[in-house]
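Coordinate inspection notes
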Amino acid sequence: MSGGRLTMATIGFIGLGNMGGPMLANLVKAGHTLRAFDLSDEALARAEAAGATRADSAAAAAAGADVVITMLPAGQHVRAVYMDEGGVISAARAGALLIDCSTIDVDSARAVAAAAHDAGLMMVDAPVSGGVGGAEAGTLTFMVGGPDAAVEAARPILECMGKAVVHAGGSGNGQAAKICNNMMLGIQMLSVCEAFMLAKRLGLDAQKLFDVSSKASGQCWSLTTYCPVPGPVPTSPANRDHAPGFTAAMMLKDLKLAQQAAADRDAATPLGAAAEGLYALFCNQGHGGLDFSGIVRMIDGQR
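Since this is a predicted model, take the numbers as computed values, not measurements. (Residues numbered from 1 in each chain as written. Predicted model: local features only at pLDDT ≥ 70, side-chain atom pairs only at ≥ 80, totals over all residues. Heavy atoms only, no water.)

The next point concerns helix α4 (residues 75-83). Taken residue by residue, α4 has Gly75, Val78, Val81 and Tyr82 as its buried positions. What you see down the axis of α4 is that its buried residues fit within an arc of 135°, all on one side. (Buried < 20%, exposed > 50% of the residue type's maximum accessible area, 1.4 Å probe, protein only. Helix = DSSP H or I, 4+ residues; strand = E, 2+ residues; numbered from the N terminus. Arc of directions from axis to C-beta.)

Our focus in this paragraph is the environment of Asn26. Examined against the element boundaries, Asn26 turns out to sit in helix α1 (residues 20-29). Counting along the chain gives 134 residues from Asn26 to Cys160, while the straight-line C-alpha distance between them is 6.4 Å. Sequence-distant contacts of Asn26, that is, excluding residues within four places in its chain, are made with Ala135, Glu136, Ala137, Gly138 and Cys160. From its side chain, Asn26 meets the backbone oxygen of Ala135 in a polar contact 2.8 Å long. (Contact = heavy atoms within 4.5 Å. Polar contact = N/O pair within 3.5 Å; in protein donor to acceptor, adjacent residues only side chain to side chain.)

To continue, consider the packing of helix α9 (residues 173-202) against helix α10 (residues 206-213). The interhelical angle for the contact between α9 and α10, taken along N-to-C directions, is 130°, at an axis separation of 9 Å. For the element pair α9 / α10, the angle class is oblique. Remark: the crossing between α9 and α10 carries right-handed chirality. Contacts between α9 and α10 pair Ala195, Phe196 and Ala199 from the former with Ala206, Leu209 and Phe210 from the latter. Tallied by class, the residues present in the contact of α9 with α10 amount to 6 nonpolar, no polar and no charged. (Axes fitted to C-alpha atoms, helices over the stretch in contact; angles between N-to-C directions. Parallel < 35°, antiparallel > 145°, perpendicular 65-115°, else oblique. Left-handed = near helix turned anticlockwise from the far one by under 90°. Nonpolar A, V, L, I, M, F, W, Y, C, P; charged D, E, K, R; others polar.)

The next thing to look at is the packing of aromatic side chains. In this structure the tally under the stated criterion is 3 aromatic pairs. Note on Phe246 and Phe292: the rings are 5.8 Å apart at their centroids and 75° apart in plane angle, and the pair reads as edge-to-face. Within this pair, whereas Phe246 is found in the loop between α11 (221-224) and α12 (248-264), its partner Phe292 is found in the loop between α13 (270-287) and α14 (296-299), the two being separated by 46 residues in sequence. Across the pair, Phe292 and Phe246 agree in class, each one buried. Three or more aromatic residues link up through ring pairs in this structure, and these residues are Trp221, Tyr226, Phe246 and Phe292. (Phe/Tyr/Trp six-rings, centres within 6.5 Å; stacked < 30°, edge-to-face > 60°.)

What follows is about the environment of Ser191. Positionally, Ser191 belongs in helix α9. Overall, the relative accessible area of 41% leaves Ser191 in the partly exposed class. It is 11 Å that separates the C-alpha atoms of Ser191 and Ile295, two residues lying 104 residues apart in sequence.

This is the structure we're talking about:
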């Protein structure tokens, strides 16, 4: 590592799901050496096909690596992988950089970062925005929390997987930015869905509403990039029967994290709470695997 820049690195990558797998593949393409671990043999086989070496455990992936990256489901998994006996923090070599790209609660992110710091390791939390498509294309946005030096050390690695790296502040602030952003996104998507379903009942063509609102005060990303009805935005999931994308189940997870944080900090987020309730209903109807924009179906009264 020189001047915060890492050229060819040995990277341990733990968590090879829908996001982690493509992210690993982009690091291989950039010339890094990858050691991969996941509980799924199928995921490990895909990682090997992409050019990574299979590790037998999270600790084995981390041992001797310059960088360790994790992409895990929830806070309890991140705490366990890093902090349990024989975990990443105890296995990592002196001077290693730890990057957690999971979306988890802020308190877990800060607890793991503190444990890493106490062990003499640099760590950042770097949750992502951009979905599976962004992971595959290498166009993710990373919201990064951590000390300046750790963030600058992580930047060249993250730039292999994304188009933007935003330093949000101290440890845990990457997670804070992610859950606040996605709470806005969930609320905005619901507002766009409701407007299009009202327009439908008023006899207003969806394209006409789009033509007006995309140039007026109703304009937002959920409308102009991710329109939930077929037609106006040909690249949106609505034109693929709401195949994800970013699933409704993942949106519900993020809304739950936002509500947990709001309750812990006594913050009033009534629209966030309403959005969580609506996405819970949608997922409970069996639609958690659809894109989150597919909630337009429930608002339209479809099953």
